Amino acid sequence: MATEVSFSVESPDGPRTVSVAHERAGKGEPLLLLHGIGHHLQAWDPVFGLLATEYDVIAVDLPGFGASPALPDGLAYNASTVVAALGTLCETLEIERPHVAGNSLGGLLALELGREKLVRSVTALSPAGFWSPAERRYAFTTLLAMRHGARLLPLPAIERLAATAAGRAALTSTIYARPGRRSPEAVVAETLALRGATGFEKTLAAGRDVLFADDVPGLPVTVAWGTRDRILLRRQGIRAKHAVPDARLVRLPGCGHVPMNDDPALVTRVITDTCRRAPAP
């Protein structure tokens, strides 16, 4: 079950209270997991238990997504605000410089956390921010179409679709290369999460000017891309390698945009290999 924690974050109009839902399990060095736009922390379920055998794993619902409330007035849904909130979250949970793995939006945030030296290693799975203008427009159009579809479908229709492999493919094949592997319950839950994400539009609007072009020196970084990513095309990984030249660029064969479901063992190995490259605390 997710636990909610609240903390204070500075805004131009003074401190604001931010609340974040998270799940935590395992022992060892801390490892923070960040999902993509419109998703929720359960995106990490296929790898959460595997990672928890070796790490103290904290999967987070980003503000305005999943079970986390929207950001309060005065706080923007941009990378600097969310990174500051995640840094304060770690302080509140008494976590010092965790490893971080993120997918899509979460991958971009993971790289930003690395650039701010708030983490010990970064694994970015299909991270946002390495697109051309045309690729960004395509990705945003696709995401908005997914959001529109989720909001149009009544719950009984979502449940009927999720009950069959063909229906799960119709609902989730944009993000998964192997949608049949996702359980009906998980597909229903993530469709509802996409429909109810209060931070969706503002996060998307904040991303229109995002282009990650800075290096992340001094810590292990892995950028991994699914060969069947239908939202952020895998050629963007080459740009990520140019921006972060010391990063390890990894190909995820047969994986889609959210690879944790498509190949849990491979994604777990990529994350743990990155964590192990960091010096011991």
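If you're wondering where the values come from, they're calculated on a predicted model, not measured in any experiment. (Residues numbered from 1 in each chain as written. Predicted model: local features only at pLDDT ≥ 70, side-chain atom pairs only at ≥ 80, totals over all residues. Heavy atoms only, no water.)

### A few points about the environment of Gly-64
When you line up the elements, Gly-64 lands in the loop between β4 (56-60) and α2 (79-92). In sequence terms Gly-64 and Leu-111 are 47 residues apart; their C-alpha atoms lie 20 Å from each other. (Helix = DSSP H or I, 4+ residues; strand = E, 2+ residues; numbered from the N terminus.)

### Re the layout of surface pockets
Put simply, the largest pocket is a space of about 670 Å³. Lining of the largest pocket is provided by 43 residues; of these, Gly-36, Ile-37, Gly-38, His-39 and Leu-143 occupy positions nearest its centre. At the level of elements, α2, α3 (105-115), α4 (133-152), α6 (165-172), α7 (184-196) and α8 (200-206) are the ones that each hand at least two residues to the lining of the largest pocket. Considering each element in turn, the lining of the largest pocket owes the most residues, seven residues, to α4. (1 Å grid on protein atoms, 1.4 Å probe; cavity = no way out; pocket = protein on both sides within 12 Å on 5 of 7 lines; lining within 4 Å. Points joined across faces, edges and corners; volume = space filled by probe spheres on them.)

### What to know about helix α11 (residues 264-276)
Its 13 residues give α11 an end-to-end C-alpha distance of 18 Å, which sits within 8% of 18 Å, the value for a rise of 1.5 Å per residue. Turning to α11, its buried residues are Leu-266, Val-267, Thr-268, Val-270, Ile-271, Thr-272, Thr-274 and Cys-275. (Expected span 1.5 Å × (residues − 1). Buried < 20%, exposed > 50% of the residue type's maximum accessible area, 1.4 Å probe, protein only.)

### Some words on the nonpolar core
Core analysis: the largest hydrophobic core is formed by 83 residues, its most contacted members being Leu-33, Leu-34 and Val-221. Look past the residues within four positions of Leu-34 in its chain and what remains in contact with it is Trp-44, Val-60, Leu-62, Leu-86, Val-100, Ala-101, Gly-102, Asn-103, Gly-106, Leu-109, Ala-110 and Leu-113. (Core = buried A, V, L, I, M, F, W, Y, C linked by side-chain atoms within 4.5 Å. Contact = heavy atoms within 4.5 Å.)

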